[in-house]
Amino acid sequence: MLTPNAVDAALESLPGWSRRDDRIVATFDFANFVAAFGFMAQVAILAERANHHPEWSNVYGRVVIELTTHDAGGLTQHDIDLATEIDAVAPATGNP
């Protein structure tokens, strides 16, 4: 599990992500539902490959993603790594 200081340091390179209790959270806004759903499909593939699955919600063009490592009881490098991969996909899907 990462220390709070390690999480804060990692978040410096992940703009848009913030720490909320035992998780990191980001909101992604898209022009419409189709763009948001396409982004979610790409994230689902990344998550499945990493065997690390987000908690998320979608309303129209907005996707909220929460990452935590349940079996570790908090944040781990897996969360930071997946957040980094998610950020790499977001611009390609049209996220402003």
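Now for a look at the structure at hand.

What counts as what
- Residues numbered from 1 in each chain as written.
- Predicted model: local features only at pLDDT ≥ 70, side-chain atom pairs only at ≥ 80, totals over all residues.
- Heavy atoms only, no water.
- Pairing = 2+ DSSP bridges.
- Helix = DSSP H or I, 4+ residues; strand = E, 2+ residues; numbered from the N terminus.
- Axes fitted to C-alpha atoms, helices over the stretch in contact; angles between N-to-C directions.
- Buried < 20%, exposed > 50% of the residue type's maximum accessible area, 1.4 Å probe, protein only.
- Expected span 1.5 Å × (residues − 1).
- Arc of directions from axis to C-beta.
- Contact = heavy atoms within 4.5 Å.
- Polar contact = N/O pair within 3.5 Å; in protein donor to acceptor, adjacent residues only side chain to side chain.

## Considering the sheet that holds strand 2 (residues 23-29)
Taking strand neighbours across the sheet as the criterion, the 4 strands line up as 1-2-4-3 in an open arrangement whose pairing is antiparallel. The sheet is open, and its two borders are formed by strand 1 (17-20) and strand 3 (55-59), each paired with just one other strand. When strand polarity is set aside, the average angle formed by the axes of neighbouring strands in this sheet is 20°. Taken together, the 6 bridges between strand 2 and strand 4 (residues 62-67) define a ladder with antiparallel strand orientation.

## Side note on the pairing of strand 4
A regular strand places its side chains on the two faces of the sheet in alternate fashion. Side-chain alternation along strand 4 places V63, I65 and L67 on a buried face and R62, V64 and E66 on a face that remains uncovered. By the bridge criterion, 5 bridges tie strand 3 to strand 4 in an arrangement that is antiparallel. Looking across to strand 4, one finds that S57 is bridged to V64. Connecting the antiparallel pair strand 3 and strand 4 is a turn made up of 2 residues, with Y60 showing a positive phi of about 50°.

## Some points on helix 2 (residues 33-50)
The terminal C-alpha atoms of helix 2 lie 25 Å apart, and with 18 residues this matches the ideal 26 Å at 1.5 Å per residue to within 8%. Those residues of helix 2 that fall on the buried side of the exposure criterion are A36, F39, M40, V43, L46 and A47. Along the axis of helix 2, the buried positions cluster into a sector of 120°, meaning they face one direction only. Facing away from the buried surface of helix 2 by more than 90 degrees, the exposed residues are V34, E48 and R49. Structurally, helix 2 contributes buried residues whose contacts are with strand 2, strand 3, strand 4 and helix 3 (77-89). The opening residue of helix 2 is N32, an N-cap whose side-chain oxygen sits 3.1 Å from the backbone nitrogen of V34. Count one or two residues on from helix 2 and you reach N51, which has phi positive near 50°.

Everything listed here is a matter of geometry and, on its own, says nothing about what the molecule does.
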